[in-house]
Amino acid sequence: MKLSKQLELQVISTTIYSLIGLLLFFLAFAFVVGSMKGKTQKTVKHSPITKNRFMSEHEKTMFNELRQSVPECNIFVQVSFGALLKTNTWATRNTFNRKIADYVITDRFFNIIAVIELDDKSHDTKQQHDAERDAMLKEAGYKVLRYRNMPDKQKLRNDIIG
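So, here is what we can say about the structure in this document. It should be emphasised that the depicted structure is a prediction, and the values quoted were computed from it without experimental measurement.

Things to note about the packing of helix 2 (residues 57-69) against helix 6 (residues 153-161)
- Between helix 2 and helix 6, the shortest axis-to-axis distance is 9 Å and the interhelical angle comes to 70°. It follows from the interaxial angle that helix 2 and helix 6 lie roughly perpendicular. For the crossing formed where helix 2 meets helix 6, the hand is right-handed. Between helix 2, through Met-62, Glu-65, Leu-66, Gln-68 and Ser-69, and helix 6, the contact on the second element is made entirely by Lys-153, Leu-156, Arg-157 and Ile-160.

Brief notes about helix 5 (residues 127-139)
- Here helix 5 contains 13 residues, and its C-alpha end-to-end distance of 18 Å stays within 8% of the 18 Å for a straight helix at 1.5 Å per residue.
- Of all the residues in helix 5, the buried ones are Asp-130, Arg-133, Asp-134, Met-136 and Leu-137. For helix 5, the buried positions fall inside an angular range of 155° around the axis, keeping them on one side. Residues Gln-127, Gln-128 and Glu-139 are exposed on helix 5 and point more than 90 degrees away from its buried face.
- Summarising the contacts, the buried residues of helix 5 are in contact with helix 3 (81-84), strand 2 (100-106), strand 3 (112-118) and strand 4 (144-147).
- Looking one or two places after helix 5, you find Gly-141, whose phi comes out positive at around 100°.

Some points on the pattern of salt bridges
- Within the structure shown, the criterion is met by eight salt bridges.
- Here Glu-72 and Arg-157 are joined by a salt bridge, their closest N and O atoms 2.9 Å apart. Residue Glu-72 is found in the loop between helix 2 and strand 1 (74-80), and its partner Arg-157 is found in helix 6; the two are separated by 85 residues along the sequence.
- Looking at Glu-72, the relative accessible area reads 40%, which means it is partly exposed.
- For Asp-130, the salt bridge goes to Arg-146, with nearest N and O atoms at 3.5 Å. Remark: Arg-146 occurs in strand 4 and Asp-130 occurs in helix 5; sequence separation between them is 16 residues.
- By sharing partners, the salt bridges in this structure join Asp-119, Asp-130, Asp-134 and Arg-146 into a single network.

Focus on the sheet that holds strand 2
- Spatially, four strands are ordered 1-2-3-4 in an open sheet, and the strand pairing comes out mixed. At either margin of the open sheet sits one strand with a lone partner, and together these are strand 1 and strand 4. Strand-to-strand twist across the sheet, computed as the mean angle between neighbouring axes with direction ignored, equals 30°.
- Alignment of strand 1 against strand 2, held across six bridges, turns out to be antiparallel. In the strand pairing of strand 2, Val-77 is matched with Tyr-103.
- Contacts between helix 2 and the sheet are confined to strand 1, strand 2, strand 3 and strand 4, with strand 2 contributing the most and set at about 10° to the helix.
- Where helix 5 meets the sheet, it contacts strand 2, strand 3 and strand 4, and its direction lies at approximately 155° from that of strand 4.

Some remarks on the environment of Ile-113
- Relative to the helices and strands, Ile-113 is located in strand 3.
- Look at Ile-113 and you get partly exposed, because its relative accessible area is 23%.

Regarding the side chain of Thr-106
- Of note, Thr-106 is situated in strand 2.
- For Thr-106, a relative accessible area of 3% corresponds to the buried category.
- If we ignore the near neighbours within four places in the chain, the residues touching Thr-106 are Cys-73, Asn-74, Phe-76, Asn-111, Ile-112 and Ile-113.

Examining the side chain of Glu-59
- Mapped onto the fold, Glu-59 is located in helix 2.
- Among buried Asp, Glu, Lys and Arg side chains, Glu-59 stands out as unpaired, with Arg-53 the closest opposite charge at 6.4 Å.
- A polar contact is formed between the side chain of Glu-59 and the backbone nitrogen of Ser-56, at a distance of 2.7 Å.
- Those residues in contact with Glu-59 that sit more than four places away from it in its chain are Phe-54, Gln-78, Asp-102, Tyr-103 and Leu-118.

What counts, and where the lines are drawn
Residues numbered from 1 in each chain as written. Predicted model: local features only at pLDDT ≥ 70, side-chain atom pairs only at ≥ 80, totals over all residues. Heavy atoms only, no water. Axes fitted to C-alpha atoms, helices over the stretch in contact; angles between N-to-C directions. Helix = DSSP H or I, 4+ residues; strand = E, 2+ residues; numbered from the N terminus. Parallel < 35°, antiparallel > 145°, perpendicular 65-115°, else oblique. Left-handed = near helix turned anticlockwise from the far one by under 90°. Contact = heavy atoms within 4.5 Å. Expected span 1.5 Å × (residues − 1). Buried < 20%, exposed > 50% of the residue type's maximum accessible area, 1.4 Å probe, protein only. Arc of directions from axis to C-beta. Salt bridge = Lys/Arg side-chain N within 4 Å of Asp/Glu carboxyl O. Pairing = 2+ DSSP bridges. Lys, Arg positive; Asp, Glu negative; His and termini not counted. Polar contact = N/O pair within 3.5 Å; in protein donor to acceptor, adjacent residues only side chain to side chain.

Spelled out as structure tokens, the structure:
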């Protein structure tokens, strides 16, 4: 009988210590959560925001070549794929929503004639990535032109208009 009473007291004390431990855990958790309350992104230090170069020298040269090759067309630079493509699901949209086309060429009525990508050395290791980008645009019905080297004006015109 004495052993049973001792065992019962041991179970009760273990349960009490467990409950006290659990209570201390929740109090600590509440303290941490409470201390974070009111802290927003505004209180997080950000690095300075500076202006960025709009186009590289290579891209500026291509822009001028395009203006001279197809003067009757509109030329848009750094166009979001989100402005060019649409879909019914967010899952599909997420595959293109942060991508940018180098140039979009339209006729005078703003119908898209071609999407042009100007590659540099950074694309040497991105061929699969570039192929996927091109496939998305082509699936939507766009003519995609990709140049590594600057083509002459007549080739540009033939590729875009022809």
